[in-house]
Amino acid sequence: MLALDKVVRRVGSQTHIHETSLALQAGAFNTLLGTTLAGKTTLMQLMAGLIAPSSGRLRADGRDLTGVPVQKRNVAMVFQQFINYPNFSVFENIASPLRVARLADAEVRRRVLHISELLQLTPFLERRPAELSGGQQQRTALARALVKDAALVLLDEPLANLDYKLRESLREELPRLFSGRDCTVVYATSEPGEALLLGGHTATLHEGRVTQFGPNGSVYREPVDLVTARVFSDPPINTARVVKAGAEMRLSESVRWPASGPLASLADGPYLVGLRPHHVLPQRSGGEGAGVGVEGKVLIAEINGSESTVHFELDGQTWVSLSHGVHAFRVGEAARFRLDVSRAFYFAPEGRRVAS
Amino acid sequence: MARLRLEGVRHSYRAQPAQDADWALKDVDLEFEDGGAYALLGPSGCGKTTLLNLVSGLLHPTQGRVRFGDADVTELPTDRRNIAQVFQFPVVYDTMTVFDNLAFPLRNRGMAPDAVRSRVQEVAALLDLEGMLGQRAAGLTADGKQKISLGRGLARPDVNVLMLDEPLTVIDPHLKWRLRSKLKELHQRVALTMIYVTHDQTEAMTFADRVVVMHEGAVVQVGTPVDLFERPRHTFVGHFIGSPGMNVMPCQVDGGVARLGGRAVPTANRPDASLAGRRTDLGVRPEFVRFADDGIPVRVARVSDAGRHQIVEAHHGDQVIRLLLREGESVPAGAAHVAFDPAYTHLYADGWICEARA
């Protein structure tokens, strides 16, 4: 499968992709997760052969692909802004790569009908793209990418322009569509939740660098550094300075906890503690939960029925708590929360994770 | 400032609307309290943008009236309705400074320079823009620019309603989150009616005190986020709100009891008197389904890791039942049983909740 070996991409004096080595997981979902301008699209263009690396090599199954243009590679692409031929019917849109490959009519028909069935496009095959909803148009673009059985399928934020609910159902559908096919998918997204739900592997990107690559769950739960933890947290992870002093971790004079387990071997000194909002929970009256109790002033409470999000101020810093169910809070009131420090990440001041 | 009312409003983009489908908006009666935080929520094509344009005056309704307090504004053009709008794409004057962008609507209204300065300072403080008043807007990030669009709306002292049309769509998730909270905080600090139009239930549910859910040109439910979550009036609301949405399962009803695969399922509401010939469904959210020792037999088909929770897809025959479990909770493999929390399990007839309470 495709592998990037010390690939760098420079444009003028700017480096868009810093030295990156990455071997895609064959036959699986490989998600590129990062904010706008993190380098996701550039990395995909390099993988596709739309642009060439400034240095480094691209290889696939032992073959050097560096400099091989996109037309000569077995690649399919779908972009955020779905592209269809407006004057072609949906059928001909999907069939177009097969026509280019000069397949026999009967074979074209067989393959188009099969993929249309999977993507629930069969009722619309005679329509023009303009007569379809956004979701149907994007499914048409997806069908065209899938029909040619490319070895590598690149999906650049393909669901970003769709309605929330449609995104939810396509997100569920996509891994199913690809399972059992012998192709490798690269999927770019800026949403951590989407990366998680797609399954497979995730590469976190930040400012043109891949900070980590591995199975979703392990990148999410064992980030190598603070940047990765930030990229892979939605809502944003709470971070605060903490000092290790002897057998204790101190967030402030009054908020401390034992430096037990993996923390015992850390040298004394300053660290950063990272706690995702769902590990900061409202202290229920009467109930005793694990963790360190704190009292904060409520700034904002967002209660949507399923979950309650509370922003509160603790030692001049804003923290966010995210809990299941309905927890009513009044803005301005003092409320108790518990920090589930058993789920905390600890980072050295320069950002590397040293314990959790 | 005033209460905003839509009375018997219908709108069609066709000159001669004949059938039901010709109406983009079907007979809407709505009241927006002064100073409330509202969301108009629904999928593309549900009529929410039409409704917004009727309020702002960009469209004139085919039928019905629009009132601000006692004044009928149906015939008034947009610029005389004192409405501020924020759109999906930030509208800023790139060559101007942040200060001049915020001052623009005030200077346009002939406000004295001293008053302009103090008003701009006030708004900049609300939006954390104080440090960048001298910068050119061109260099700002998307969320910075969107704050300016918002600031221009807030700066005007004459605004009745601030309308936000998908204001966070083009913002990256981590910034979206911050700006969403900022909007909520702003609403708590300035007593201004805000109407937030979105297809994103998370945005609607976290911003608004009351959410107006729209579907196919009609308002299907108006309620607090907790109402919509706990007691959806229509299966559409149950499905559309929540991620994943409510489980909607066709069921039989006999002797006043709902049955799924022959097994009695206790519900929070009772069947309507006459259900003959009507489609009946059970609705229960994934949050209120649990694995149990005894209950509805299922086969666990798939478990998705969503970080803070797990989404489990279980099959009861052909029926998919989803469960939402917490991170780390154990999930049985293969055959299992599930139970529904009766307080949050509702019976629906032809899509609408049966109103008789248990």
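The numbering scheme is per chain: residues are counted from 1 as the chain's sequence reads. Here every chain gets a letter starting at A, and every ligand a number starting at 1, in the order they are written. In keeping with the predicted nature of the model, local features appear solely for residues at pLDDT of at least 70, side-chain atom pairs appear and are counted solely at 80 or more, and the whole-chain, interface and lining totals rest on all residues.

1. Considering the sheet that holds strand S18 (residues 309-316) of chain B
Residue and element names in this part refer to chain B. Put simply, the rule reads: Strands qualify as paired when DSSP identifies two bridges or more between them. A helix here means a DSSP run of H or I that spans at least four residues, while a strand means a run of E at least two residues long, and both kinds are numbered starting from the N terminus. Note on definitions: angles span 0 to 180 degrees between N-to-C directions of axes, and those axes are lines fitted to C-alpha atoms, for helices only across the stretch in contact.
Spatial ordering of the open sheet is given by S16-S20-S17-S18-S19, a layout of five strands whose pairing is antiparallel. Edge positions in the sheet fall to strand S16 (289-292) and strand S19 (319-326), since each of these pairs with one other strand and no more. Sheet twist, expressed as the average angle between the axes of neighbouring strands with direction ignored, equals 50°. By the bridge criterion, four bridges tie S16 to strand S20 (residues 335-340) in an arrangement that is antiparallel. Bridged to Arg-290 within S20 is Ala-339.

2. Some words on the pairing of strand S15 (residues 280-284) of chain B
Residues and elements named next belong to chain B. In this sheet, S15 lies alongside strand S11 (residues 247-250) in antiparallel orientation, the contact comprising four bridges. Paired with Val-248 across the bridge in S15 is Gly-283. Relative to strand S21 (residues 345-349), S15 runs antiparallel, the two being bridged by five bridges. Note on S21: the bridge partner recorded for Asp-281 is Tyr-348.

3. Points about the packing of helix H2 (residues 90-100) of chain A against helix H4 (residues 134-147) of chain A
Helix-helix packing is characterised by the crossing angle of the two axes and by the distance between the axes. Residue and element names in this part refer to chain A. So the rule is basically this: These descriptions rest on fixed angle ranges, namely under 35 degrees for roughly parallel, over 145 for roughly antiparallel, 65 to 115 for roughly perpendicular, and the rest for oblique. Less than a right angle of anticlockwise turn of the near helix away from the far helix marks a crossing as left-handed, whereas a clockwise turn marks it as right-handed. Here, residues touch in the contact sense if the C-beta positions derived from the backbone fall within 7 Å of one another. All residues other than Ala, Val, Leu, Ile, Met, Phe, Trp, Tyr, Cys, Pro, Asp, Glu, Lys and Arg, Gly among them, are scored as polar; the first ten of these are nonpolar and the last four charged.
It is the contact of H2 with H4, at a shortest axis distance of 8 Å, that shows an interaxial angle of 25°. Classified by the angle between their axes, H2 and H4 sit roughly parallel to one another. Of the two elements, H2 crosses H4, and the hand of that crossing is right-handed. Only Thr-140, Ala-143, Arg-144 and Val-147 of H4 make contact with H2, whose side of the interface consists of Val-90, Asn-93, Ile-94, Ser-96, Pro-97 and Leu-98. Partitioned by chemical class, the residues of the contact of H2 with H4 number six nonpolar, three polar and one charged.

4. Topic: the interface of chain A and chain B
The interface is formed by 30 residues belonging to chain A together with 31 residues belonging to chain B. Elements supplying a minimum of two residues to the side of chain A that touches chain B: helix H5 (164-178), helix H6 (192-198), helix H7 (216-221), strand S16 (292-303) and strand S17 (307-314) of chain A. Its residues assigned to classes, the side of chain A that touches chain B comprises 10 nonpolar, 14 polar and six charged.

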